[in-house]
Amino acid sequence: MVSKSHQTEAIRHFLLSNVEEHPTDLARLTSEKFGVSRQTVAQHLRSLVREGLIQASGNTRARHYELVESNNRVTVPVHEGLEEHIVWREHFAPFLSDLPESVLSICQHGVLEMVNNVVSHSEAERMTLGLIRSAIQVQMLVQDDGVGLFNKIRKAFGLDDARHALLELSKGKMSSDPDNHTGEGIFFTSRMFDNFGIYSGTLFYGRARENGGDDWLIEVEERPDLGGTMVSMSISPTAVQTLREVFDSFASGDGYDFSRTHVPIKLAKYEREQLLSRSQARRVLARFERFAEVLLDFSDVDIIGQAFADEIFRVFQREHPEITISRANASPAVESMIARAERKES
């Protein structure tokens, strides 16, 4: 039997989590979900309003609820001596001190890494910092007016276009200044937050944590030219992931050697192209030798060609037996093609 206190917390969490999608029928929805009266739900709603977590408008019949948000933005000049820990201390930390230590650490890590990227790589003159808070989410924004992240990577490594740069960035260990930077900042940061997005030039890349675990919804789309780069990082105040867990999940053995990577194969696709050729496979395989374990995620990839599968799962694997290549979310057609390539080798 669920205790009264646990039910109260469950109802409050449900109200806060659903108010944005159901601003006008929230009371009915909650009443049906928990089997309680409308009067009971109304009491919880009034309590959340008094606490300043939601706000109400309209009369009783047309009551409309929405989350209360705080929104802070500031623009700072970018210069060589700008220190990321000072940016965190002055513009973010004072507004986040009530967060649990594990969530606060993730927020700090994200800001430090993204601000460092702006100072070290963006060639920007100005940077806009944003912090949006509600009862269910902390969102932090770091936007610059520089050369653009994807364009910077494309030029530095002689890649075909911005989408190719995005594929390489998703693998990790990619830096245009390897003597001073590991190229791991965006890789780890994107996996710490519930939602992470990069909008640079005309390309948006987003990752959203699904089902509260390690399943990810990955989005890539064309948008109007932003100019510069904007990074958005969002996390729930009650998130359970920790810095150490994220680091450990991509390390093997003792220490944080970053020997595992997770590559979304859909990033190798261009518009309506299918992944059929050896050259496309070699694009996916670039820099795999830097890792001990590689997980290829075939989400949203319905089919691959024989040559594509053969190049990865027979030719490359034969030449690099020390690297473990595994796959996830492969459709039956993809799995069949991979199995065919592996049978040739055996």
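Residues numbered from 1 in each chain as written. Predicted model: local features only at pLDDT ≥ 70, side-chain atom pairs only at ≥ 80, totals over all residues. Heavy atoms only, no water.

Colleague: Please explain the packing of helix α1 (residues 4-18) against helix α2 (residues 26-34) as it appears in this structure.
Modeller: Taken N-terminus to C-terminus, the directions of α1 and α2 make an angle of 140 degrees; their axes are 11 Å apart at the nearest point. Between α1 and α2, the interaxial angle falls into the category oblique. Pair α1 / α2 crosses with right-handed handedness. Residue-level contacts link Gln7, Ala10, Ile11, Phe14, Leu15 and Asn18 of α1 to Leu26, Leu29, Thr30, Lys33 and Phe34 of α2. A per-class count over the contact of α1 with α2 returns seven nonpolar, three polar and one charged. (Axes fitted to C-alpha atoms, helices over the stretch in contact; angles between N-to-C directions. Helix = DSSP H or I, 4+ residues; strand = E, 2+ residues; numbered from the N terminus. Parallel < 35°, antiparallel > 145°, perpendicular 65-115°, else oblique. Left-handed = near helix turned anticlockwise from the far one by under 90°. Contact = heavy atoms within 4.5 Å. Nonpolar A, V, L, I, M, F, W, Y, C, P; charged D, E, K, R; others polar.)

Colleague: Quick question: what am I supposed to make of helix α10 (residues 278-285) here?
Modeller: For an α-helix the count is 3.6 residues per turn, leaving residues at separations of three or four pointing the same way. Those residues of α10 lying buried are Gln280, Ala281, Arg283, Val284 and Leu285. Looking at the buried side of α10, the elements it contacts are α7 (162-171), β11 (293-297) and α11 (306-319). One or two steps after α10, the chain reaches Arg287, where phi turns positive at roughly 70 degrees. (Buried < 20%, exposed > 50% of the residue type's maximum accessible area, 1.4 Å probe, protein only.)

Colleague: Please explain the packing of aromatic side chains as it appears in this structure.
Modeller: Aromatic rings in a pair are described by how distant their centres are and how their planes are angled relative to each other. The full count for this structure, using the stated rule, is seven aromatic pairs. Summarising the aromatic geometry, the rings of Trp88 and Phe92 are spaced 6.2 Å apart at their centres and angled 10 degrees between planes, so their arrangement reads as stacked. For the pair Trp88 and Phe92, a shared accessibility class is recorded, and that class is buried. With centroids separated by 6.2 Å and ring planes inclined at 75 degrees, the aromatic side chains of Phe188 and Phe250 adopt a geometry described as edge-to-face. Taken as a pair, Phe188 in helix α8 (residues 185-192) and Phe250 in the loop between α9 (243-249) and β10 (260-264) lie far apart in primary sequence, 62 residues in all. The two residues Phe188 and Phe250 agree in class, both being buried. (Phe/Tyr/Trp six-rings, centres within 6.5 Å; stacked < 30°, edge-to-face > 60°.)

Colleague: Teacher, can you tell me more about unusual backbone geometry here?
Modeller: Negative phi characterises most residues that are not glycine, and trans characterises most peptide bonds. Phi is positive for Glu123, which is not a glycine, with a value near 60 degrees. Residue classification places Glu123 among the exposed positions, given a relative accessible area of 56%. Located in the positive-phi region is Arg287, a residue other than glycine, with phi close to 70 degrees.

Colleague: Please explain the sheet that holds β10 as it appears in this structure.
Modeller: Strands sit in the order β10-β11-β12 across an open sheet of three strands; the sheet is parallel. Where the open sheet ends on each side, the last strands, each with one partner, are β10 and β12 (324-328). Strand-to-strand twist in this sheet, taken as the mean axis angle between neighbours without regard to direction, amounts to 20 degrees. Pairing of β11 with β12, which is carried by five bridges, proceeds in the parallel orientation. Bridge assignment links Asp297 to a residue of β12, and that residue is Ala328. Where α11 meets the sheet, its contacts fall on β11 and β12, and the angle it forms with β12 comes to roughly 165 degrees. (Pairing = 2+ DSSP bridges.)

Colleague: Before we go on, may I ask you to explain a negative patch on the surface in this structure?
Modeller: Where like charges cluster on the molecular surface, the negative patch consists of Glu20, Glu21, Glu66 and Glu69. Along the polypeptide, Glu21 turns up in the loop between α1 and α2. The exposure class of Glu21 is exposed, given its relative accessible area of 67%. (Patch = residues over 30% accessible without salt bridge, like charges linked within 9 Å, V, L, I, M, F, W, Y side chains within 5 Å. Areas by Shrake-Rupley, 256 points an atom, 1.4 Å probe, with all protein chains shown as cover. Salt bridge = Lys/Arg side-chain N within 4 Å of Asp/Glu carboxyl O. Lys, Arg positive; Asp, Glu negative; His and termini not counted. Charge placed at Lys NZ, Arg CZ, Asp CG, Glu CD.)

Colleague: Could you clarify how one ought to interpret the pairing of strand β4 (residues 126-133) in this entry?
Modeller: Residues in a regular strand project their side chains so that they alternate between the two faces of the sheet. Counting buried positions along β4 yields six of eight residues, so the element is predominantly enclosed. By the bridge criterion, seven bridges tie β4 to strand β5 (residues 138-144) in an arrangement that is antiparallel. What sits directly across from Leu129, in β5, is Val142. Between the antiparallel neighbours β4 and β5 lie four residues.

Colleague: How should I be thinking about the nonpolar core in this particular structure?
Modeller: As a rule of thumb, soluble globular proteins bury nonpolar side chains together. Counting residues in each nonpolar core, the largest one holds 75 residues, and the members touching the most others are Leu96, Met140 and Leu296. Discounting residues that sit within four places of it in the chain, Leu96 has contacts with Trp88, Leu104, Cys107, Leu131, Arg133, Val138 and Met140. If you look at the next biggest cluster of nonpolar residues, it comprises 12 residues, including Leu16, Val36, Tyr65 and Leu67. (Core = buried A, V, L, I, M, F, W, Y, C linked by side-chain atoms within 4.5 Å.)

Colleague: Hey, could you run me through empty space enclosed by the protein in this one?
Modeller: Left-over empty space is what a probe sized like a water molecule reveals as it rolls over the atoms. If you walk through the whole model with that rule in mind, you get two cavities of 30 Å³ or more. Reported here for the largest cavity is a volume of approximately 150 Å³. Along the walls of the largest cavity sit 15 residues, with Asn117, Val118, Asp144, Leu149 and Thr229 positioned nearest its centre. Contributing elements (two or more residues each) for the lining of the largest cavity: α5 (101-121), β5, α6 (149-157) and β9 (229-235). Examining the composition of the lining of the largest cavity, we find that four residues originate from one element, α5, more than from any other. Approximately 50 Å³ is the volume found for the second largest cavity. Among the secondary structure elements, those contributing two or more residues to the lining of the second largest cavity are α7 and α8. Sort the elements by how many residues they give to the lining of the second largest cavity and α8 lands first, with four residues. (1 Å grid on protein atoms, 1.4 Å probe; cavity = no way out; pocket = protein on both sides within 12 Å on 5 of 7 lines; lining within 4 Å. Points joined across faces, edges and corners; volume = space filled by probe spheres on them.)

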